[in-house]
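Structural features, examined
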Amino acid sequence: MGYLLTKEGVNAVLKEWAESYLIYAPVRMSGKGAFSETDSIRYAPITTVEEIEFEKKSDFPFKEVLIPLSETLFFFTEDQVTEADGPKKNAIILLRSCDLHSVKRLDEIYIKNEYEDYYYKRIRDNVKFVLMGCKNAFENCFCVDMQTNRIETYDASLEKKGDFYEMDNRFADWETVLERNGMSRRVVVPSYVTETNVHVSIPQGLSLDVSRSKIWDEYDSRCINCGRCNFVCPTCTCFSMQDIFYTDNGKIGERRRVAASCMVDGYTDVAGGGAYRQKNGQRMRFRVLHKVYDFKKRFGFHMCTGCGRCDDVCPEYISFSDCINKLGIAVKEVGGHNEE
Amino acid sequence: MDMNTKALKKNAFRVTKQRGVTASRIRVPGGHLEAKYLSVLQEIAEKYGNGTVHITSRQGFEIPGILFENMPYVNELLQPIIQGLNINQKTPGQGYPAAGTRNVTACIGNRVCPYACYDTTAFAQRIEKVIFPNDLHFKIALTGCPNDCAKVRMHDFGIMGMTEPQYDKDRCINCEACVKACKKKSVNVLKTVNYKVERYPDRCIGCGECVLACPTGAWTRGEKKLYRLTIMGRTGKKNPRLGEDFVKWIDEAGIIKIILNTYDYVTQHIDPAAPGGKEHIGYIIDRTGFEEFRKWALRDVQLPKMAEVSTPIYWQGVKY
Amino acid sequence: MKNEYRPFLSEIKEVIKHTDIEYTFRMAYDGEVKPGQFFEVSIPKFGEAPISVSGMGNNSVDLTIRRVGKVTNEVFENFVGDALFLRGPYGNGFDVNDYTNKELVVIAGGTGLSPVRGVVDYFSYHPEELKAMTLIAGFKTPKDILFMEDFGRWMKNMEVILTVDCSEDDAFCHIGLVTEYIPKLKLQDVDRAVAVVVGPPAMMRFSTQGLLAAGFREENIWISYERKMCCGLGKCGHCKIDDTYICLDGPVFNFVKGRKLID
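Residues numbered from 1 in each chain as written. Chains lettered and ligands numbered in written order. Predicted model: local features only at pLDDT ≥ 70, side-chain atom pairs only at ≥ 80, totals over all residues. Heavy atoms only, no water.

**A few points about the packing of aromatic side chains**
Going by this rule: Any Phe, Tyr or Trp ring, taking Trp's six-membered ring, that has another such ring centre within 6.5 Å forms a pair; planes under 30 degrees apart are called stacked, those over 60 apart edge-to-face, and the others tilted. Per the convention used, a helix needs a DSSP run of H or I reaching at least four residues, while a strand needs a run of E reaching at least two, with both numbered from the N terminus. The cut-offs for exposure are 20% and 50% of the maximum accessible area for each residue type, with area from a 1.4 Å probe on protein chains only; residues under the lower value are buried, those over the upper are exposed, and the others partly exposed.
Applying the stated criterion across every chain, the model contains 37 aromatic pairs over all chains. Arranged with centres 6.1 Å apart and planes meeting at 85°, the rings of F246(B) and F290(B) form a pair that is edge-to-face. Placement of the pair is F246(B) in strand β13 (residues 244-250) and F290(B) in helix α9 (residues 290-297), with a sequence separation of 44 residues. With respect to class, F246(B) is no different from F290(B); both count as buried. Taking the centre distance of 6.3 Å and the plane angle of 65° together, the rings of Y265(B) and W296(B) count as edge-to-face. You can see Y265(B) sitting in helix α7 (residues 252-269) and its partner W296(B) sitting in helix α9, a full 31 residues away along the chain. As far as burial versus exposure is concerned, Y265(B) and W296(B) are alike and both buried. Among the aromatic residues, those joined into a cluster by ring pairs are F74(A), F76(A), Y110(A), Y118(A), Y119(A), Y120(A), F239(A) and Y5(C).

Written out as structure tokens, the structure is:
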């Protein structure tokens, strides 16, 4: 059921939600950008609607709630392995359509793909999603081409309409709180983007053969393998394991996992010194093909959701969408073929 | 021809090689101005000068080839620049009221440069506001970060932007980008311990390379604007030398108070027989001893808790 | 829900020292396991490392560990009379049924012999299940030879070519690269002969090229990949090549698929 609410009404809803949920939303963190006197838009717990940044795309993705950048798995004492506690509270995540689409990608890796990930699942099972409508595409967005500009599978939606807010609710348990705090009922269709400035076209006939193409060579020197594109990507899921012992007492320690990047040195290192994909261009190829080719080959749909954050963040102005659009050239160059 | 050269100089004109011909010196605090003022400079140069403009080593302009008799007209034309750049003035239309305290220079700062920790021009303008007009010979420069592109260590007061890096270990994934950046581009004060990063605050110079290098936003800038204040660098004949650190992690209020205190100190201690009433502060300190200077400089200064004052200070440099 | 990341404590039943830096740890384990599968071996506070199964016994698995990193160092330092944490087994492993009633050639380089040792051992006990078997095992120097005590036994039931890259006058083995011995293989029917190749990347590349040149069919060659497997569960991403997760779909691949895996 859809509702029109005042700001106070929305805040009353948030307040009631806060009794059972931590509410995560994109917020503007003043002075937290890398350059001085610039802001960073990141996910953080909120209590009022005024804290939510509606106007800009978040710099870092919501996925940090589901797969924290650094997550403790176990604590070790001398002879015991103790599982780290999960979050105490359920979570609500406010996010845009493209990002809600990326939840499906995270689920595919962490819940499906043969094994269920215990740590992901215990958070994921207790998360509700509130869709933030998009009136216009941001710079570098290409959600329409990736077909992620609309989504129906939200629990609720929230959008500014002039001085008021519109919410659509699809989660039965929340109906009464919205009913109580809404001004009036109405049909609410969350805004969605129908046109973007950036377009991508993923060619037919892609295969690993394109790794031989010359299109990757320019990235050998342009890319600085910092991994920002991975860390801001809402669909990147890779991690590395780390064991530590606490320095003040070598007898206890923990095992954790931290986000990993296929662009950063060390990603493929094997015992004894072997490593694969040493060139940045080949790392780029690995990342790009994962997003728009091989993930789909395994799971049936593209990994990339067209949010454009990798383009937004690259300090070397390497455009992922631009690279996708070069794939056609690469296919022709190496002689495209359709795989069985 | 009769001309009071003292008055001429104080009015920011220059006695030149050529008798009866002067040059007008235009101060641009922080070295940044609206482009519209360039056409005023052009007009002055073409109408009263020889059609050329010199960009000075202190980020001002000097318009040469002006006849003494045209100074009043030049001053009138200068009025929109003096006003537009918010220069303290006694009588509108009569040009600059002093020239002893030099233009406050600055690097491009954080309006443009990714490394800069603050808006150098804006800070320069605030300093200009409290120290000008003044006949005493002070040279002050500001630079956005420890790269010191503005060469502030060659000034009486050098102000270098610093950032106190803030570390969120929960966002750190141990990619070591910061450790490498600090080692290769800065002073190597970051170390990996247990897959997280430790910083040696004593040796950290606050350049912000770690913040710039961090791909996950684990490193961010401190909220407070903090600076390194270097003092008594100088060029010149007897003993050119680089400024030494006076206070590390000082704030804006502290810097301004120290500079104002130094004006009092110089007024008290300047050699009354100094040629042209001009003596570099550094030589005064050489004479009174650092301790006397420090006493004056730090009077009523409220320093931030983390500020580190270097004392005593010994300067090096070439001695002739 | 099962926490797949939780390791279990496994008693070290025996330690067999091959070289200064390569030991086999016989670990208590009574589940099903295939040669070529791997376990994540860990010492809490030091980390996990993927180690392939080099042998199976009654209620035990052999894990041959090479001391090359932080975790394996610690394993070597602290193993005495102790236990290790394990999770697994992961991956597909070798299926001996693929080779029965055929001429089998196993080519192994260095520690590559570990994952395939179970296969060799199986057929050394069941020679009747094969038409013929040849093992070509290459090591850098005589000091690096693994499973020395096994070779004597294996020789009774198969052709064994033990070779080292270089040596100072050792009579018991050949000198040279494993690839040199491929053209010299005496096979009844190369068209139906099968081969298993495991070792360092360059050795695998040249050995498979050699086998193809010798007339082996692509589909009759199997290889095993060593990649960085942090989780073993298809999550961490490090071992992915194209749409293939080495930890889930491998590490053993038929060469028809394996040759297409470009890192």
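**Overview of the interface of chain B and chain A**
The extent of an interface is frequently quoted as the accessible surface area lost upon association of the parts. This is how it is decided: The contact criterion used is simple: two residues touch if any of their non-hydrogen atoms lie within 4.5 Å. Buried area: the accessible surface (1.4 Å probe) lost by two parts on joining, summed over both. What counts as a salt bridge is simple: a side-chain nitrogen of Lys or Arg found within 4 Å of a carboxyl oxygen of Asp or Glu. Pairs of N or O atoms within 3.5 Å make up the polar contacts considered here, provided that, within protein, one atom can donate a hydrogen while the other can accept it, and that residues adjacent in sequence are counted only when both atoms are side-chain atoms. Under this grouping Gly is polar, as are all residues other than the nonpolar Ala, Val, Leu, Ile, Met, Phe, Trp, Tyr, Cys and Pro and the charged Asp, Glu, Lys and Arg.
Between chain B and chain A, the residue contacts involve 28 residues of the former and 26 residues of the latter. Here chain B packs against chain A, burying approximately 2100 Å² in sum over the two surfaces, 51% of which is carbon and sulfur. At the boundary of chain B with chain A, the tally comes to two salt bridges. Between K225(B) and E37(A) there is a salt bridge, and its shortest N-O distance comes to 3.0 Å. At the junction of chain B with chain A, the criterion picks out 14 residue pairs in polar contact (both at pLDDT 80 or more). Of the residues belonging to the side of chain B that touches chain A, the class tally is 14 nonpolar, seven polar and seven charged.

**Comments concerning the sheet that holds strand β14 (residues 308-309) of chain B**
Residue and element names in this part refer to chain B. Stated precisely, the cut-off is as follows: Two strands qualify as a pair provided DSSP detects at least 2 bridges between them. Only C-alpha atoms enter the line fits that serve as axes; for helices the fit covers just the stretch in contact. Angles between N-to-C directions range over 0 to 180 degrees.
One open sheet accounts for six strands, arranged β5-β6-β7-β12-β13-β14; its pairing is mixed. One side of each edge strand has no neighbouring strand; the edge strands of this open sheet are β5 (105-106) and β14. Contacting β5, β6 (140-143), β7 (157-162) and β12 (226-231), helix α4 (residues 120-131) crosses the sheet at an angle of about 160° to β6. With respect to the sheet, α9 is in contact with β12 and β13, its orientation differing from that of β13 by roughly 25°.

**With respect to the packing of helix α9 (residues 280-299) of chain A against helix α11 (residues 320-334) of chain A**
Residue and element names in this part refer to chain A. Defined as follows: Angles below 35 degrees are treated as roughly parallel, those above 145 as roughly antiparallel, those between 65 and 115 as roughly perpendicular, and all remaining angles as oblique.
At a minimum axis distance of 11 Å, the contact between α9 and α11 shows a crossing angle of 80°. In terms of orientation, α9 and α11 fall into the roughly perpendicular class. Mapping the contact onto sequence places M284, R287, V288, L289, K291 and V292 in α9 and F320, C323, I324 and L327 in α11. Of the residues belonging to the contact of α9 with α11, the class tally is eight nonpolar, no polar and two charged.

**Points about the interface of chain A and chain C**
Each partner contributes residues to the interface: chain A has 52 residues there, and chain C has 42 residues. Interface area for chain A against chain C, summed over the two sides, is near 4000 Å², with a carbon-plus-sulfur share of 56%. Between D242(C) and K297(A) there is a salt bridge, with its nearest N and O atoms 2.7 Å apart. Linking chain A to chain C there are 28 residue pairs in polar contact (both at pLDDT 80 or more). Among the secondary structure elements, those contributing two or more residues to the side of chain A that touches chain C are β4 (70-76), β5 (81-83), α3 (97-110), α4 (118-124), β11 (239-245), β12 (253-259) and α9 of chain A. Ranked by the residues each element gives to the side of chain A that touches chain C, the list is headed by α9(A), at eight residues. Of the residues in the side of chain A that touches chain C, the class split is 24 nonpolar, 11 polar and 17 charged.

**Comments concerning the domain arrangement of chain A**
Residues and elements named next belong to chain A. Stated formally: An automatic or database domain assignment provides the domain bounds reported here.
Along its sequence, chain A is organised into domain 1 (2-66 + 86-186) and domain 2 (208-235 + 262-334). Listed by partner, the interface residues are 24 residues for domain 1 and 23 residues for domain 2. For the pair domain 1 and domain 2, the two sides together bury roughly 2000 Å², of which 60% comes from carbon and sulfur. Three residues, R105, F142 and M146, lead the burial of domain 1 against domain 2; their summed loss comes to 29% of the area buried on that side. Where domain 1 touches domain 2, the interface holds two salt bridges. Note that D99 and R309 form a salt bridge whose closest N and O atoms lie 2.8 Å from each other.

**Details of the sheet that holds β11(A)**
Residue and element names in this part refer to chain A. Ordered by their spatial adjacency, four strands build an open sheet running β5-β4-β12-β11, and the pairing between neighbours is antiparallel. In this open sheet, the two strands that pair with only one neighbour each are β5 and β11. With strand direction ignored, the average angle separating the axes of adjacent strands in the sheet is 25°. Taken together, the seven bridges between β11 and β12 define a ladder with antiparallel strand orientation. Pairing of S240 across the sheet is with V258, part of β12.

**A look at the side chain of T64(C)**
Residue and element names in this part refer to chain C. The topology assignment puts T64 in strand β5 (residues 60-66). Side-chain polar atoms of T64 contact the side chain of T24, separated by 2.7 Å. A distance of 2.7 Å separates a polar atom in the side chain of T64 from a polar atom in the side chain of S54. Leave out the neighbours within four places in its chain, and T64 touches H18, Y23, T24, I51, S52, S54, S114 and F147.

**Focus: a nonpolar patch on the surface**
Residues and elements named next belong to chain A. Definition in use: Only residues whose relative accessible area exceeds 30% and that form no salt bridge are eligible for patches; like-charged ones are grouped when within 9 Å, while nonpolar side chains (Val, Leu, Ile, Met, Phe, Trp, Tyr) are grouped when within 5 Å. To be clear on the numbers: accessible area is Shrake-Rupley with a 1.4 Å probe, and residue cover counts the displayed protein chains and nothing else.
On the surface, a nonpolar cluster with roughly 300 Å² of combined accessible area is contributed by V187, V189 and Y192. Mapping V189 onto the fold places it in the loop between β10 (184-185) and α7 (217-222). With a relative accessible area of 47%, V189 lands in the partly exposed category.

**Observations concerning unusual backbone geometry**
A negative phi angle characterises most non-glycine residues, just as the trans form characterises most peptide bonds. Note the cis peptide between T311(B) and P312(B), where omega equals -10°. Checked against the element boundaries, P312(B) lands in the segment after β14. Cis geometry is found at the peptide bond from G250(C) to P251(C), where omega equals 0°. Note on placement: P251(C) falls in the loop between α5 (246-249) and β15 (252-254). Even without a glycine there, the phi angle at Q59(B) is positive, about 65°. Inspection of the secondary structure puts Q59(B) in the loop between β3 (54-55) and β4 (61-67).

**A word on the nonpolar core**
This is how the line gets drawn: Put simply, a nonpolar core is a bunch of buried Ala, Val, Leu, Ile, Met, Phe, Trp, Tyr and Cys residues held in one set by side-chain atoms that sit within 4.5 Å of each other.
By size, the foremost hydrophobic cluster in this structure holds 70 residues, and its most contacted members are L66(A), I93(A), Y5(C) and I107(C). The greatest single-element share of this core, amounting to five residues, is contributed by α3(A). One finds F157(B), I231(B), I255(B) and Y265(B) within the second-largest nonpolar core, a separate group that totals 41 residues.

**Considering the pattern of salt bridges**
Enumeration over the complete set of coordinates arrives at 68 salt bridges over all chains. Here E152(A) and R170(A) are joined by a salt bridge, their closest N and O atoms 3.1 Å apart. Here E152(A), found in the loop between α5 (143-146) and β8 (156-161), pairs with R170(A), found in the loop between β9 (164-169) and α6 (175-181); they are 18 residues apart in sequence, far enough to count as distant. For R117(C), the salt bridge is made with D150(C), and the minimal N-O distance between the two is 2.8 Å. With R117(C) in helix α2 (residues 113-125) and D150(C) in helix α3 (residues 148-157), this pair connects stretches of sequence that are 33 residues apart. Judged by its relative accessible area of 5%, D150(C) is buried. Taken together, the shared-partner salt bridges connect E14(C), R26(C), D62(C), R117(C), D121(C), D150(C) and R153(C) into one network.

**Description of the environment of L77(B)**
Take L77(B): it is sitting in helix α3 (residues 71-84). Filtering out sequence-adjacent residues up to four positions away, L77(B) remains in contact with V40(B), E43(B), I44(B) and Y48(B).

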